[in-house]
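Below, each chain spelled out in residue letters.
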Amino acid sequence: MQSGEADVRERIVQVLESQQLGVLATERNGQPYTSLMAFAHTPDLTRIVVATGRATRKHTNLLEQSRVSLLIDTRSNTEKDFHAAAAVTVIGEVVKLSEEEQQTYQSLYLRHHPYLERFVEAPSTTMLLIKVRHYLIVNRFQNVMELHLSDETDIFA
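All of the points below concern the structure found in this document. Each residue is numbered by its place in its chain's sequence as written, counting from 1. For a predicted model such as this one, the threshold for reporting local features is a pLDDT of at least 70, and the threshold for listing and counting side-chain atom pairs is 80 or more; totals across whole chains, interfaces and linings nevertheless cover every residue. Here the side-chain values reflect all heavy atoms present in the structure, with hydrogen atoms and water set aside.

Digging into helix 4 (residues 99-112)
So, point 1. What counts as a helix is a DSSP run of H or I of at least four residues, what counts as a strand is a run of E of at least two, and both are numbered from the N terminus. An expected span of 1.5 Å times one less than the residue number is assigned to each helix. An ideal rise of 1.5 Å per residue puts 20 Å on 14 residues; helix 4 measures up with 21 Å between its terminal C-alpha atoms.
So, point 2. Along helix 4, the positions that sit buried rather than exposed are Y105, Q106, L108, Y109 and L110.
So, point 3. Throughout, a contact is declared for two residues whenever any of their heavy atoms are within 4.5 Å. Residues of helix 4 that are buried in the fold lie against strand 2 (31-41), strand 3 (47-53), helix 5 (117-121) and strand 6 (125-139). Partly exposed residues are those whose accessible area sits between 20% and 50% of the maximum for their type, while under 20% is buried and over 50% is exposed, using a 1.4 Å probe and protein chains only.

See below:
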């Protein structure tokens, strides 16, 4: 791993570990739709897990279009944000967990959000796994760094 990539990874991890919520963007019939979501990430940054009710718009959207974007940021809603806040955009694809994977990722999620145990264990809730293809991190308002976890470097491909 090159030192530049290691630095980008470290910055991404700092943002992910400092936050509990992100904004998940889904899409249906060309209409973007965003949702505030609790998340957890794997140490290697290749996977992010979220939980949602099966009767939600986002779940319906994901059944039709699995490509998603998740925004996680450190803003405090003050002027200081223009110099100090960082935002990570995650681009990936949601996949349904197998029965074998369910327990692993549910445990990861609940380590970050133990207060959501009843929600996660409800029959109406499903765990979703985002297979991350790209990260973009922006800090100091316009400083953009990218981390590509696939051979593809075009984030819109």
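Right, picking up where we left off after that structure.
Looking at the environment of N139
So, point 1. Note on placement: N139 falls in strand 6.
So, point 2. Measuring from C-alpha to C-alpha, the distance between N139 and P123 comes to 40 Å, with 16 residues separating the pair along the chain.
So, point 3. Leave out the neighbours within four places in its chain, and N139 touches R11, A85, A86 and M145.
So, point 4. What qualifies as a polar contact is a pair of N or O atoms within 3.5 Å, subject to a donor-acceptor requirement within protein and to the restriction that residues adjacent in sequence count only when both atoms come from side chains. In this structure the side chain of N139 is engaged in a polar contact, spanning 2.8 Å, whose partner is the side chain of N143.

Digging into the environment of T56
So, point 1. With respect to the secondary-structure elements, T56 resides in the loop between strand 3 and helix 2 (57-64).
So, point 2. Spatially, the C-alpha atom of T56 lies 9.8 Å from that of T125, the residues being 69 residues apart in sequence.
So, point 3. Among the polar contacts listed, one links the side chain of T56 to the backbone oxygen of G53, at a separation of 2.9 Å.
So, point 4. Of note is the side chain of T56, whose polar atom sits 3.2 Å from the backbone nitrogen of H59.

Focus: the environment of N29
So, point 1. Residue position: N29 is located in the loop between strand 1 (21-28) and strand 2.
So, point 2. By relative accessible area, which is 74% here, N29 ends up exposed.
So, point 3. Measuring from C-alpha to C-alpha, the distance between N29 and N61 comes to 8.9 Å, with 32 residues separating the pair along the chain.

Concerning the nonpolar core
So, point 1. To qualify as a nonpolar core, a set must consist of buried Ala, Val, Leu, Ile, Met, Phe, Trp, Tyr and Cys residues joined through side-chain atoms within 4.5 Å. Among the nonpolar cores identified, the biggest contains 25 residues, and I12, I48, L70, V90, I130 and Y135 are the most heavily contacted of them.
So, point 2. At the level of elements, helix 1 (3-18), strand 2, strand 3, strand 4 (67-73), strand 5 (86-96), strand 6 and strand 7 (143-148) are the ones that each hand at least two residues to this core.
So, point 3. When sequence neighbours within four positions are dropped, the list of residues in contact with I48 reads F39, A40, H41, L70, V90, L128, L129, I130, V132 and Y135.
So, point 4. Of all hydrophobic cores here, the second largest spans 12 residues; its members include A38, L97, Y105 and M127.

A closer look at the layout of surface pockets
So, point 1. Throughout, the protein atoms alone are placed on a 1 Å grid, and a set of points is a cavity if a 1.4 Å probe fits but cannot get out or a pocket if it is open with protein on both sides within 12 Å along at least five of seven lines; lining residues have an atom within 4 Å of a point. Grid points are joined across faces, edges and corners, and a volume is the space filled by probe spheres set on the points. If you add up the space inside the largest pocket, you get close to 200 Å³.
So, point 2. Put simply, the parts of the chain that give the lining of the largest pocket at least two residues each are strand 4, helix 3 (81-84) and strand 5.

A short note on helix 2
So, point 1. When helix 2 is considered as a whole, its buried residues turn out to be K58, H59, N61 and L62. Buried residues of helix 2 fall within an arc of 160° about the axis and therefore sit on the same side. Exposed residues on helix 2 whose side chains face more than 90 degrees from its buried face are R57, L63 and E64.
So, point 2. Looking at the buried positions of helix 2, the neighbouring elements they touch are strand 1, strand 2, strand 3, strand 4, strand 5 and strand 6. As used here, the arc is the angular range of directions from the helix axis to the C-beta atoms.

Things to note about unusual backbone geometry
So, point 1. In this model, L45 sits at a positive phi of 70°, which is unusual for a non-glycine residue.
So, point 2. In this structure, L45 sits in the loop between strand 2 and strand 3.

Focus: the pattern of salt bridges
So, point 1. Counted as salt bridges are all cases of a side-chain nitrogen of Lys or Arg within 4 Å of a carboxyl oxygen of Asp or Glu. Under the defined criterion, the tally for this structure stands at 3 salt bridges.
So, point 2. In this structure, R9 engages E5 in a salt bridge whose closest nitrogen and oxygen atoms are separated by 3.2 Å. Of this pair, R9 and E5 both sit in helix 1, 4 residues apart, which is roughly one turn of that helix.
So, point 3. When its relative accessible area of 31% is taken as the criterion, E5 is described as partly exposed.
So, point 4. Here R75 makes a salt bridge to D73, at a shortest N to O gap of 2.2 Å.
So, point 5. On the accessibility criterion, D73 (17% relative accessible area) is buried.

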